[in-house]
Amino acid sequence: MHLLQEAKALRTTLEQQKQELEKAELFPEGPDTEVSRLKQTLLQYYNQLKEDEEREYQMQFQFE
């Protein structure tokens, strides 16, 4: 249960960072800048979080 609460808190933080990233996308950047690398890293973490949430949902379903 502790890990689920921690995952939810991290998801909130990630959502806030994603919103900031969307704001930053308004500025044109080259393909190999620090911002684009950070964006790529953030999106990788976001995708991993979505996969983890799906696994969590499946585990809760099996648990019930």
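Note: the structure precedes this text.
The model shown is predicted, which means the values in this text are computed figures rather than measured ones.

(A) A look at the pattern of salt bridges. For the coordinates displayed, the defined rule picks out four salt bridges. Measuring nitrogen to oxygen at the nearest pair gives 3.9 Å for the salt bridge that ties Glu15 to Arg11. Taken together, the residues span about one helical turn, with Glu15 and Arg11 both in helix H1 (residues 2-24) at a distance of four residues. Overall, Glu15 belongs to the partly exposed group, its relative accessible area being 24%.

(B) Here's a closer look at the layout of surface pockets. Put simply, the largest pocket is a space of about 310 Å³. For the largest pocket, the lining is made up of 13 residues, of which Leu3, Leu4, Glu56, Met59 and Gln60 are closest to its centre. Those elements that place two or more of their residues in the lining of the largest pocket are H1 and helix H2 (34-63). Looking at which element gives the most residues to the lining of the largest pocket, the answer is H2, with eight residues.

(C) Spatial organisation of the packing of H1 against H2. The N-to-C vectors of H1 and H2 enclose an angle of 145°; their axes lie 10 Å apart at closest approach. The chirality of how H1 crosses H2 is left-handed. Of the residues in H2, those in contact with Leu4, Lys8, Arg11, Leu14, Glu15, Gln17, Lys18 and Leu21 of H1 are Lys39, Leu42, Leu43, Tyr45, Tyr46, Leu49, Lys50, Glu53, Glu56 and Gln60. Split by residue class, the contact of H1 with H2 holds eight nonpolar, two polar and eight charged.

Parameters at a glance
- Counting restarts for each chain, with residues numbered from 1 along the sequence as it is written.
- Given that the model is predicted, a residue must reach a pLDDT of at least 70 before its local features are reported, and side-chain atom pairs must reach 80 or more before they are shown or counted; all residues, however, enter totals for whole chains, interfaces and linings.
- Values reported for side chains reflect all heavy atoms of the structure, with hydrogen atoms and water molecules removed beforehand.
- The salt bridge definition used is simple: a Lys or Arg side-chain nitrogen within 4 Å of an Asp or Glu carboxyl oxygen.
- Each helix is a run of H or I in the DSSP string that is no shorter than four residues. Each strand is a run of E no shorter than two, and both are numbered from the N terminus.
- Accessibility here uses a 1.4 Å probe with only protein chains present; expressed as a share of the type maximum, an area under 20% marks a residue as buried, one over 50% as exposed, and anything in between as partly exposed.
- Buried and open spaces are told apart on a 1 Å grid over the protein atoms alone, a cavity being a set of points where a 1.4 Å probe fits but cannot get out and a pocket being an open set with protein on both sides within 12 Å along at least five of seven lines. Residues with an atom within 4 Å of a point are the lining residues.
- Grid points are joined across faces, edges and corners, and a volume is the space filled by probe spheres set on the points.
- For helices, the axis comes from a line fit to the C-alpha atoms of the stretch in contact; other axes are also lines fit to C-alpha atoms, and the angle between any two N-to-C directions lies between 0 and 180 degrees.
- Handedness of a crossing follows from how the near helix is turned relative to the far one, being left-handed for an anticlockwise turn of less than a right angle and right-handed for a clockwise one.
- Contact criterion: two residues are considered in contact whenever any of their non-hydrogen atoms come within 4.5 Å of each other.
- Polar here means any residue other than Ala, Val, Leu, Ile, Met, Phe, Trp, Tyr, Cys and Pro, which are nonpolar, and Asp, Glu, Lys and Arg, which are charged; Gly is therefore polar.

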